[in-house]
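Here's the letter readout for the chains.
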Amino acid sequence: MNTTNNPVTGELLTGSQILMESLKAQGVKTIFGYPGGSIMPVFDALYDYVDYADSKYRGTFEHVLVRHEQGAVHAAQGYARVSGKVGTVIVTSGPGVTNTLTGIADAMIDSTPIVVIAGQVGTPVLGSDAFQEVDLITVAQPICKWVYQIRRPEDIPWAISKAYYLAQSGRPGPVVLDFPKNAQTDKAEYVDQTVNFIRSYIAYPQPKEEDVKAAAELINNAKKPLALVGQGVELGCAQEELKAFLEKANIPAGRTMLGLSALASNHPLNVGMLGMHGNLAPNLKQQEADVIIAIGMRFSDRVTGNLKTYLKQAKVIHLDIDNAEIDKNVKTDVAIVANCKESLPALTALVNEADHSEWIESFKPLAERENNRVIQNAIHPTEGPLLMGEVVNAVAEATEGMGVTVTDVGQNQLFATRYSKYNTNRAIITSGGLGTMGYGLPAAIGATFAEKERPVCVFMGDGGLQMVIQELGTIMENQSPVKMILMNNNFLGNVRQWQNMFFNKRYAFTHMLNPDYEKVCAAYGIPYQRVSDRSELADAVQKMLSTKGPFFLETVIKEEDDVMPMTAPGASVSDMKLER
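Note that the structure is a prediction, hence the values are computed from the model and not measured.

1. A look at the sheet that holds strand β6 (residues 146–149)
Line of reasoning, step 1. Read across the open sheet, the 6 strands follow the order β3-β2-β4-β5-β7-β6; overall the sheet is parallel. Only two strands of the sheet have a single neighbouring strand rather than two, namely β3 (62–65) and β6. On average, each strand axis in the sheet is tilted by 20 degrees relative to the strand beside it, whichever way the strands run.
Line of reasoning, step 2. Both strand β2 (residues 30–33) and β3 contribute to a ladder of 4 bridges, which runs parallel. Residue pairing across strands places Phe-32 opposite Val-64, the latter belonging to β3.
Line of reasoning, step 3. Lying on the sheet, helix α3 (residues 69–83) is in contact with β2, β4 (87–91) and β5 (114–120); it crosses β4 at an angle near 165 degrees.

2. Some details on unusual backbone geometry
Line of reasoning, step 1. Each neighbour pair has its own omega, and for Met-564 with Pro-565 the value is 5 degrees, a cis peptide bond.
Line of reasoning, step 2. Relative to the assigned elements, Pro-565 resides in the segment after β20 (551–556).
Line of reasoning, step 3. Unlike most non-glycine residues, Ser-111 shows phi in positive territory, near 55 degrees.
Line of reasoning, step 4. Here Ser-111 is to be found in the loop between α5 (101–109) and β5.
Line of reasoning, step 5. One non-glycine residue, Cys-237, adopts positive backbone phi at about 55 degrees.
Line of reasoning, step 6. Mapped onto the secondary structure, Cys-237 falls in the loop between α10 (232–235) and α11 (239–249).

3. With respect to the confidence of the model for the protein
Line of reasoning, step 1. When the pLDDT values of the protein are averaged, the result is 95; 97% of them are 70 or greater.
Line of reasoning, step 2. Note on residues 1–6: pLDDT is under 50 here. Beyond four places in sequence and across chains, it has 14 contacts.

4. Topic: the packing of aromatic side chains
Line of reasoning, step 1. Tallied over the entire structure, the rule returns 14 aromatic pairs.
Line of reasoning, step 2. Measuring from ring centre to ring centre gives 5.0 Å for Trp-359 and Phe-363, while their planes differ by 75 degrees; the resulting arrangement is edge-to-face. The two residues Trp-359 and Phe-363 agree in class, both being buried.
Line of reasoning, step 3. Ring geometry for Trp-498 against Phe-502: centres 5.7 Å apart, planes inclined by 80 degrees, an arrangement best described as edge-to-face. Of this pair, Trp-498 and Phe-502 both sit in helix α22 (residues 493–502), 4 residues apart, which is roughly one turn of the helix.
Line of reasoning, step 4. Its relative accessible area of 35% is what places Phe-502 among the partly exposed residues.
Line of reasoning, step 5. An aromatic cluster is built from Phe-32, Tyr-79 and Phe-449, whose rings are joined through pairwise contacts.

5. Overview of helix α14 (residues 340–350)
Line of reasoning, step 1. The set of residues buried in α14 consists of Cys-340, Ser-343, Leu-344, Leu-347 and Thr-348. For α14, the buried positions fall inside an angular range of 130 degrees around the axis, keeping them on one side.
Line of reasoning, step 2. Sitting at the head of α14, Asn-339 places a side-chain oxygen 3.0 Å from the backbone nitrogen of Lys-341.

6. A closer look at the pattern of salt bridges
Line of reasoning, step 1. With the rule as written, the count across this model stands at 21 salt bridges.
Line of reasoning, step 2. Residues Arg-67 and Glu-477 are paired through a salt bridge, measuring 2.8 Å at the closest nitrogen-oxygen approach. Here Glu-477 lies in helix α21 (residues 472–478) and Arg-67 lies in the loop between β3 and α3, a separation of 410 residues in the sequence.
Line of reasoning, step 3. A residue is classified by how much of its surface remains accessible, and Glu-477, at 37% relative accessible area, is partly exposed.
Line of reasoning, step 4. Lys-285 serves as the salt-bridge partner of Glu-288, at 3.0 Å between the closest nitrogen and oxygen.
Line of reasoning, step 5. Since its relative accessible area comes to 5%, Lys-285 is described here as buried.
Line of reasoning, step 6. Among the ionic contacts, a cluster of salt bridges with common partners joins Arg-171, Asp-322, Glu-325 and Lys-328.

7. Comments concerning the sheet that holds strand β11 (residues 270–273)
Line of reasoning, step 1. Spatial ordering of the open sheet is given by β11-β10-β9-β12-β13-β14, a layout of 6 strands whose pairing is parallel. Two strands in the sheet have a free side with no partner beyond their single neighbour: β11 and β14 (334–337). Strand-to-strand, the axes of this sheet are offset by a mean angle of 15 degrees, without reference to chain direction.
Line of reasoning, step 2. Strand direction decides the pairing type here: strand β13 (residues 315–320) and β14, joined by 4 bridges, are parallel. Across the sheet, residue Asp-320 finds its bridge partner in β14, namely Val-337.

8. Details of the side chain of Asp-155
Line of reasoning, step 1. Relative to the assigned elements, Asp-155 resides in the loop between β6 and α7 (156–168).
Line of reasoning, step 2. Looking at Asp-155, its side chain comes within polar contact range of the side chain of Arg-152, at 2.9 Å.
Line of reasoning, step 3. Beyond its immediate stretch of four places on either side in the chain, Asp-155 contacts Tyr-148 and Ile-150.

About the criteria used
Per chain, residues are indexed from 1 in the order of the written sequence. Where local features are concerned, this predicted model is filtered to residues with pLDDT of at least 70; where side-chain atom pairs are given and counted, the filter is 80 or more; whole-chain, interface and lining totals use all residues. Side-chain figures throughout are based on the complete set of non-hydrogen atoms in the structure, without hydrogens or water. Only strands that DSSP links by at least two bridges are regarded as paired with each other. We count a stretch as a helix when DSSP gives it H or I for four or more residues in a row; a strand needs E for two or more, and each element gets its number in order from the N terminus. Between the N-to-C directions of two axes lies an angle of 0 to 180 degrees, each axis being a line fitted to C-alpha atoms and, for a helix, fitted only over the stretch in contact. Residue contacts follow a heavy-atom distance rule, with two residues in contact if any of their heavy atoms lie within 4.5 Å. A score from 0 to 100, pLDDT tells how confident the predictor is in each residue. Here the aromatic set is Phe, Tyr and Trp, taking the six-membered ring for Trp, and pairing holds for ring centres within 6.5 Å; pairs whose planes are under 30 degrees apart are stacked, those over 60 apart are edge-to-face, and all others are tilted. Per-residue accessibility, obtained with a 1.4 Å probe over protein chains only, is compared with the maximum for each type, and a residue is labelled buried under 20%, exposed over 50%, and partly exposed between these values. To obtain the arc, one takes the directions from the helix axis to the C-beta atoms. Polar contact criterion, stated in full: a pair of N or O atoms within 3.5 Å, where within protein one must be able to donate a hydrogen and the other to accept it, and residues adjacent in sequence count only if both atoms are side-chain atoms. Here, a salt bridge means any Lys or Arg side-chain nitrogen found within 4 Å of an Asp or Glu carboxyl oxygen.

If you want it as structure tokens, here you go:
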């Protein structure tokens, strides 16, 4: 085992060694990365902090060698979303770091805490178009919380501490550090530094008493209140506070896609998923509610539909840690800017115990209509090819809602989020705001490094999988226990659905020719099964879940299987349709 002694005061270390000690001080355990020329001194230092015995990383850090830098960021996102910790990425300069930009942008819009450390050419040649030089500061600034270039080894402990503090505090997000090569090799004394305060940065604003009182008054006078629950509840670790609030005030709750596991699927006040392909009842009932309580959500256009017709009848209360989200899309009547871990209990203390049973009952006819006309046909078809809904449902039933659901983007995402069950927290990992195809497989890999008990099941379409298929190599090397469910319809399914509905069935370049996935999996040594008959589905799912390590389940899906209900782009949520 390669080891390093803890540095003693006065000992000079290279910048790369100081980086290792700084990461250790932050509690970092897992690093996702890909080496290259401008970051090689860092990887050389990392060599002394890991144990290669039996191909297991049991040293200070475990390093996961991905097959593409975008995969490193998505893996770090999956790790962060499940663990609640900061995901860590180390890559080289030039194309190495530009390959991470999609993941950084994805993390920014979905509030995922990651730190990306990128090599850079030495400071003497900055600005000279040296080999693999990119102006990372300018490129990354619009898509991260903070970007900084470390030019001196003595600045590393401060920069690392600030990076991790910013990534995970307040509204979480990505931080990018640009690390010139000479700062990696120059020497300095390691002096641990802790950053837990930044002037003008208020990570955790306190709820204002007058705002809480005003919100409570609206809720106490409401006849038809409805809560809209977002990922902020999970990010704030406020799941129990949410339940206490909803149960005391007897308020039904719809959940955004990223907030699905903030409230258990079987909770009696859970009325379903919001959004373009969410459930009929919460979407339509938004337009009847007299008070809306938005909790840790950002009023995405996928939730609101046409803003000109959205919530015009309701008083809107918005609870969010980020003041920038207040009034950004929807005008609020009362805003409580604070972590919902604090704002929810403050509000709960002032709201009255209520009985809104008649209002809650009014959701049920809409839910029943959707169940009869859409859901049962999607999850329990009696004839024809396999459907995505029944595949997702088979996995949900087998895991009893106790697994982690990861999705790619497209129809697979929409079916997976609709028909999975969520009975544990931090159980949904998906690309929300950016909608990044190729997200699912590497995010699932990252999740397995954070989650050792619950099964991690990733639902993918053939399009998204082929964007990151090289990450099967990462699974092979680490034997990551990712349960991969490919729902293969030989189409870019979501685009095809829109072409069907809005472009006169002109399927322009959405049909896909797929490889033989059995042979692909054989090449990577990954157990594989293909299912085309529904009579084989349940047994195949059980085999997948009971197999130690990774498993690849390919399901042959009806080519023109559409996700419904749907609110057409630009339409009012009141116009959500059950059938196209």
